[in-house]
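Given next are the chains, with one letter for each unit.
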Amino acid sequence: EELSKYQVVIVLAAHAGVKPCDGPINSPWLNNITNFVDLLDKLPKETLVIYASSASVYGNMLKEHWHLPNKELNPLNRYATSKKDIDYVADLVMKSTKPPVLLQGMRYFNVYGPEGEEHKGNQASPFYQFEKKAKEDGTIKLFEGSEYYARDFIHVDEIVEYHLKFMCVFNVEK
């Protein structure tokens, strides 16, 4: 099949955000898991799959629990739950006696892109919301308690760039 020519597959796509995942259980929430499992079934053995997980799986974890090795994840919405479930599937695959593929999940925090977040409303990335508000009236409204937090933001192009560099380090053909 077409996929047999790839040594590495990078999966950054999913139904992002909370809004598209609202609704019945067979909504786009399930699509994230189904497409991931279907992809794994179609790949040749020993393919490296690097997939996008999400920091949203942590939910409202208490600060004092972050250091624990087996911390309890507490996703707060269906999108985060779908990402947690994908991590669970990946863990099951890697614990099998002969994993069919090699998996590496990356939990990204605060990813934003060049466009396409208008439909997410208040679930759009903070960066998108800040930029939109600044263009509208020159102000940025931060969330309550924000003076106590620092957040990193990463552009989707940077993620792609880092994955390509990773592939070069391991001498993988693009």
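Residues numbered from 1 in each chain as written. Predicted model: local features only at pLDDT ≥ 70, side-chain atom pairs only at ≥ 80, totals over all residues. Heavy atoms only, no water.

A. Looking closely at the overall build of the chain. The number of helices and strands found in the chain is 4 helices and 5 strands. Counting from the amino terminus, helix and strand elements in the chain follow one another as β-α-β-α-β-β-α-β-α. In the chain, which comprises 174 residues, the proportion classed as buried is 32%. Considering only residue pairs separated by 6 or more positions, the chain has 68% of its internal contacts joining residues 24 or more positions apart. (Helix = DSSP H or I, 4+ residues; strand = E, 2+ residues; numbered from the N terminus. Buried < 20%, exposed > 50% of the residue type's maximum accessible area, 1.4 Å probe, protein only. Contact = heavy atoms within 4.5 Å.)

B. View of the sheet that holds strand β1 (residues 8–11). Pairing is parallel in the open sheet, where 3 strands are placed in the order β1-β2-β3. The open sheet has two free edges, formed respectively by β1 and β3 (101–108), since each of these has just one partner strand. Averaged over all neighbouring strand pairs, the angle between strand axes comes to 20°, with direction disregarded. Bridge count for β1 against strand β2 (residues 47–54) is 4 bridges, and the pairing is parallel. Bridge pairing in β2 links Val 9 to Val 49. Contacting β2 and β3, helix α2 (residues 78–95) runs over the sheet at an angle of about 150° to β2. (Pairing = 2+ DSSP bridges. Axes fitted to C-alpha atoms, helices over the stretch in contact; angles between N-to-C directions.)

C. Structural context of the pattern of salt bridges. Per the stated rule, a full pass over the model turns up 6 salt bridges. Residue Glu 131 pairs with Lys 135 through a salt bridge whose shortest N-O separation is 3.8 Å. Here Lys 135 and Glu 131 lie together in helix α3 (residues 126–137), a separation of 4 residues that amounts to about one turn. Accessibility expressed as a relative area gives 37% for Glu 131, which makes it partly exposed. Put simply, Glu 161 and Lys 165 hold a salt bridge, and the shortest N to O gap is 3.2 Å. (Salt bridge = Lys/Arg side-chain N within 4 Å of Asp/Glu carboxyl O.)

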